[in-house]
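# Residue-level structure breakdown
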Amino acid sequence: MGGNVGQAGIHTYQSLDEDGPSDAGKPPKRSTGRLVMHSMAMFGREFCYAVEAAYVTPVLLSVGLPKSLYSLVWLLSPVLGFLLQPVVGSVSDHCQSRWGRRRPYILSLAIMMLLGMTLYLNGDAVVSALVTNPRRKLVWAITITMMGVVLFDFAADFIDGPIKAYLFDVCSHQDKERGLHYHALFTGIGGALGYLLGAIDWAQLELGRVLGTEFQVMYFFSTLLLSVCITIHLCSIPEAPLGDAAEDSRLEQTLQYPLLSSVKVSEHGSIEKVSNSHASLELAGGKRNSAAEQTQGAMTMKSLLRALGSMPPHYRYLCISHLIGWTAFLSNMLFFTDFMGQIVYGGNPYSPHNSTEFLIYQRGVEVGCWGLCINSVFSSLYSYFQKMLLSYVGLKGLYFMGYLLFGLGTGFIGLFPNIYSTLVLCVLFGVMSSTLYMVPFNLIAEYHREEEEEKEQATRKGPDSSERGKGVDCAALTSMVQLAQILVGSVLGFLVNMAGSVVVVVITASTVSLIGCCFVALFVRYVD
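Predicted model only: the values in this text are computed from it and were never measured.

## Let's talk about the overall build of the chain
Broken down by element type, the chain carries 18 helices and 2 strands. Across the chain, every contact between residues at least 6 apart in sequence was considered, and the portion connecting residues at least 24 apart equals 78%. Working note: accessible area of the chain is about 23,600 Å², and carbon and sulfur atoms make up 64% of it.

Here's what the structure looks like:
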């Protein structure tokens, strides 16, 4: 029987990848080149994120966006993402495209990112060329730019879930860990490159004069890089279509349980009631499994919330810890350049633009951008060292250390603002960034492996098709980023107005991160 099962496993994956045969039902070992190709999506995505961080505020100011609409721009995208991301994750779990379950969604979201960048980096120029009436021009420029920013943020936040689910679907547990390390590494490199290109004064260079403005220069680099990276990513590791995977699962069950070979297996692997010439055979739970699959295939928001609410407690605790971490991280990062300009350099953003105070503030913002670049570079470096640290301190040590160092670093920056110490401590932002991108998804992979081992043991007693989709788990985890954005966007502005200083932002980030230290140590479950 073991030999037959092995043949079934080879049939499942050998036709999909040339990396070699595998054990029964398990993906083959993926080469380093394949995993690097898979990580290119994170490189392109983070590069475009850095470009947005550097240019979206100047773009919004240049089109005359009223201050009353700023909160709408920053809150609309995360609200949509938080509501829809788990739904799309569930739908992708049951996508029956011949191209695979995740790649159609990744391609669609990448196209949305390109469209969003096109609108917010070029919308003003296009409207100026087509509309002559000043009032209509202002309205259309603001509308198109806002649509571009919201669309880009929505797609860029969304795409992370399918990318992680794609990795989990096609890789063994060891390759999942390697893949996540490469994801964190190239995320940092992409962000650093984006910030570096954004810091260049393109108006003084030939390329800037040829393309028109620095906005068009960054649009050229962003669209070219994202298109190339997504193409490489989609060609990295082939996916098994859901129908083919179900067919192989049916073959394996037939080989393991020949007495059930006459039992009809549905397209998602559930076993339905059938009758033969001797008697009517009904497997206990078969009809329930089939009904459950149909329900998942047409998942509504209500049923999805019910499914998320019924997740094992350790999944929920991991989501809460991820929410705490991203709330702390975004609290600091979204206001960091403003903190550098106002608090560290002592400038005033509300002074006349030709005043000394405003020029000092601008200088602080520029140095703050270099601090964000330091964060991205060190995030890449730390993601490499995490491999070595993992064998000594484990995932729990890495998780706790990331939150602790970030909390202490931001607290020191808030209490003792200084140019040089602040830039040095930006390396701790990179520690937190790499931790958030790697450790929670490693824990998800550990939970999935544990569930798969339990499922294999249960299968020895009889076939079992019950399985919660990996796409839902990844989407639930990544949707915490959108929820953190909602919290930061709706609360921190109020805190700054109450305190009268952006120092409260950095202190808040430190406090939340230190609370997260306690949470990841006491509530998050780690698999031995």
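Further notes follow.
## A few points about the side chain of His38
Examined against the element boundaries, His38 turns out to sit in helix H2 (residues 32–62). A relative accessible area of 0% means that His38 is categorised as buried. Within polar-contact distance, the side chain of His38 engages the side chain of His183 at 3.1 Å. In contact with His38, other than residues within four places in its own chain, are Ile163, Tyr166, Leu167, His183, His233, Ser236 and Ile237.

## Let's talk about the confidence of the model for the chain
Scored by pLDDT, the chain comes out at a mean of 78, with 77% of its residues at no less than 70. At the low end of the mean pLDDT range in the chain sits strand S2 (residues 280–281), at 37; at the high end sits helix H18 (residues 503–522), at 94. Throughout residues 1–18 the model reports pLDDT below 50, and contacts reaching past four residues in sequence, or to other chains, amount to 32 contacts. Residue range residues 248–299 is modelled with pLDDT below 50. Its contacts to residues more than four positions away, or to other chains, number 73 contacts.

## Some words on the packing of helix H4 (residues 103–130) against helix H5 (residues 134–158)
Where H4 meets H5, the axes come as close as 7 Å, and the angle between the chain directions of the two elements is 160°. Comparing their axes, H5 and H4 come out roughly antiparallel. Taken as a pair, H4 and H5 cross one another with a handedness that is left-handed. Considering only residue class, the contact of H4 with H5 consists of 19 nonpolar, 5 polar and 2 charged.

## Here we look at the pattern of salt bridges
Counted by the stated rule, this structure contains 9 salt bridges. Here Glu46 ties to Arg45 by a salt bridge, and the two come within 3.7 Å at their closest N and O atoms. The buried category is assigned to Glu46, whose relative accessible area is 15%. With a relative accessible area of 6%, Arg45 lands in the buried category. Of the charged contacts in the structure, one is a salt bridge between Asp169 and Arg102, with a shortest N-O distance of 2.6 Å. Within this pair, whereas Asp169 is found in helix H6 (residues 160–170), its partner Arg102 is found in the loop between helix H3 (70–93) and H4, the two being separated by 67 residues in sequence. Per residue, the accessibility class of Asp169 equals that of Arg102, and both read buried. Counted as one network, the salt bridges with shared partners bring together Arg101, Arg102 and Asp169.

## Re the nonpolar core
Most often, soluble globular proteins have nonpolar side chains that are buried together. One finds Tyr399, Leu443 and Val524 to be the most contacted residues of the largest nonpolar core, which totals 118 residues. The leading source of residues in this core is helix H16 (residues 419–459), at 15 residues. Contacts of Leu443, omitting those with residues within four sequence positions, involve Leu318, Leu395, Tyr399, Val524, Arg525 and Tyr526.

## Digging into H5
The terminal C-alpha atoms of H5 lie 36 Å apart, and with 25 residues this matches the ideal 36 Å at 1.5 Å per residue to within 8%. Its side-chain oxygen at 3.0 Å from the backbone nitrogen of Arg135, Asn133 defines the N-terminal cap of H5.

## Some details on the environment of Gly493
Mapped onto the secondary structure, Gly493 falls in helix H17 (residues 470–499). Along the chain, Gly493 and Val505 lie 12 residues apart, while their C-alpha atoms are 9.0 Å from each other.

## Some thoughts on the packing of aromatic side chains
Tallied over the entire structure, the rule returns 18 aromatic pairs. Centroid distance Phe154 to Phe158: 4.6 Å. Interplanar angle 65°. Geometry classified as edge-to-face. With Phe154 and Phe158 both in helix H5, this residue pair falls 4 residues apart, about one helical turn. You'll find Phe154 and Phe158 in the same group, each marked buried. On the numbers, 5.6 Å between centres and 85° between planes, the contact of Trp326 with Phe329 is edge-to-face. Separated by 3 residues within a single helix, Trp326 and Phe329 lie in helix H13 (residues 313–333), roughly one turn from each other. A network of ring pairs unites the aromatic residues Trp326, Phe329, Phe336, Phe406, Phe429 and Tyr437 as a single cluster. One cation-aromatic arrangement involves Lys164 over Phe441; the distance from NZ or CZ to the ring centre is 4.7 Å.

About the cut-offs
- Residues numbered from 1 in each chain as written.
- Predicted model: local features only at pLDDT ≥ 70, side-chain atom pairs only at ≥ 80, totals over all residues.
- Heavy atoms only, no water.
- Helix = DSSP H or I, 4+ residues; strand = E, 2+ residues; numbered from the N terminus.
- Contact = heavy atoms within 4.5 Å.
- Areas by Shrake-Rupley, 256 points an atom, 1.4 Å probe, with all protein chains shown as cover.
- Buried < 20%, exposed > 50% of the residue type's maximum accessible area, 1.4 Å probe, protein only.
- Polar contact = N/O pair within 3.5 Å; in protein donor to acceptor, adjacent residues only side chain to side chain.
- pLDDT = per-residue confidence, 0-100.
- Axes fitted to C-alpha atoms, helices over the stretch in contact; angles between N-to-C directions.
- Parallel < 35°, antiparallel > 145°, perpendicular 65-115°, else oblique.
- Left-handed = near helix turned anticlockwise from the far one by under 90°.
- Nonpolar A, V, L, I, M, F, W, Y, C, P; charged D, E, K, R; others polar.
- Salt bridge = Lys/Arg side-chain N within 4 Å of Asp/Glu carboxyl O.
- Core = buried A, V, L, I, M, F, W, Y, C linked by side-chain atoms within 4.5 Å.
- Expected span 1.5 Å × (residues − 1).
- Phe/Tyr/Trp six-rings, centres within 6.5 Å; stacked < 30°, edge-to-face > 60°.
- Lys NZ or Arg CZ within 6 Å of the ring centre and 35° of its normal.

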